[in-house]
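Spelled out from the first residue to the last, the chains are:
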Amino acid sequence: MTKRFISFILLLLTSLLFAGCASTPAAEDEASAETRITLGESVTIDGQGAAADGQQVTISEGGTFILTGTLPNGQVLIDCTDEVTLCLSGVSITNTQGPAILIKQAADARIELADGSENTLADGADAEYDAALYSCVSLTLGGTGQLSVTGHNQEGIASDENITINGGTYLITAADD
């Protein structure tokens, strides 16, 4: 009986840990299952819809992508026609050549800050896209974590369309505004 109770508690705690990145209803279909991406010297991808080439991570299919780890000089690029949610859970991304996160194309782009997480993004100077977090489409930011952004080029966070902030704590330092 005690082993069952302990197993139940462990399962419950594990479920609660991952609930911080849930951004869609429980009726979510199989096609948009979560993909886990661990950033580092070598990038590990567990799931579908993303690929890595050195320090460049490209998301080419819709879904929810949970990112952890550090890219000391790399980028996360979203370029697809589907809905994409990035859940940042203790991420640090610096890109000396442009945006740390670049959303070129997506039907809907969301960035969720995992509960209690601290995340940092920084860009390099003088690039075509002038922010550490740049989106060519409307962007929704949310969650309960923290995001620190340093925009060396011009902006910290920028979008060609709308930016909606539904939650999170943001610390932004930018060369321009």
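What counts, and at which threshold
- Residue numbers here run from 1 along each chain, matching the order of that chain's written sequence.
- The predicted origin of the model limits local features to residues at a pLDDT of at least 70 and limits the giving and counting of side-chain atom pairs to 80 or more, whereas totals for whole chains, interfaces and linings rest on all residues.
- The side-chain quantities take in all heavy atoms of the structure and omit both hydrogens and water.
- Strands are runs of DSSP state E lasting at least two residues, helices are runs of H or I lasting at least four, and both sets are numbered from the N terminus onward.
- We call a residue buried when its accessible area falls under 20% of the maximum for its residue type, exposed when it is over 50%, and partly exposed in between, using a 1.4 Å probe and counting protein chains only.
- Only heavy atoms enter the contact rule, under which two residues are in contact if any of them lie within 4.5 Å.
- When DSSP finds two or more bridges between a pair of strands, those strands are recorded as paired.
- Geometry is summarised by axes, namely lines fitted to C-alpha atoms with helices restricted to the contacting stretch, and by angles between N-to-C directions that run from 0 to 180 degrees.

## Some remarks on the overall build of the chain
Then comes step 1: Broken down by element type, the chain carries one helix and 16 strands.
Then comes step 2: Taken across its 177 residues, the chain has 42% of its residues classed as buried.
Then comes step 3: Contacts in the chain between residues at least 24 apart in sequence constitute 57% of all its contacts with a sequence separation of at least 6.

## With respect to the sheet that holds strand β3 (residues 50–53)
Two orientations exist for strands paired in a sheet by backbone hydrogen bonds: parallel and antiparallel.
Then comes step 1: Reading across from one edge, β3-β4-β6-β8-β11-β14 is the order of the six strands in this open sheet, with mixed pairing throughout. The outermost strands of the open sheet, each flanked by one partner alone, are β3 and β14 (155–159). With direction set aside, neighbouring strand axes in the sheet form an average angle of 15°.
Then comes step 2: Two strands pair when backbone bridges link them, and strand β6 (residues 75–79) and strand β8 (residues 101–105) are joined in this way by four bridges, in the parallel orientation. Paired with L77 across the two strands is L102, which belongs to β8.

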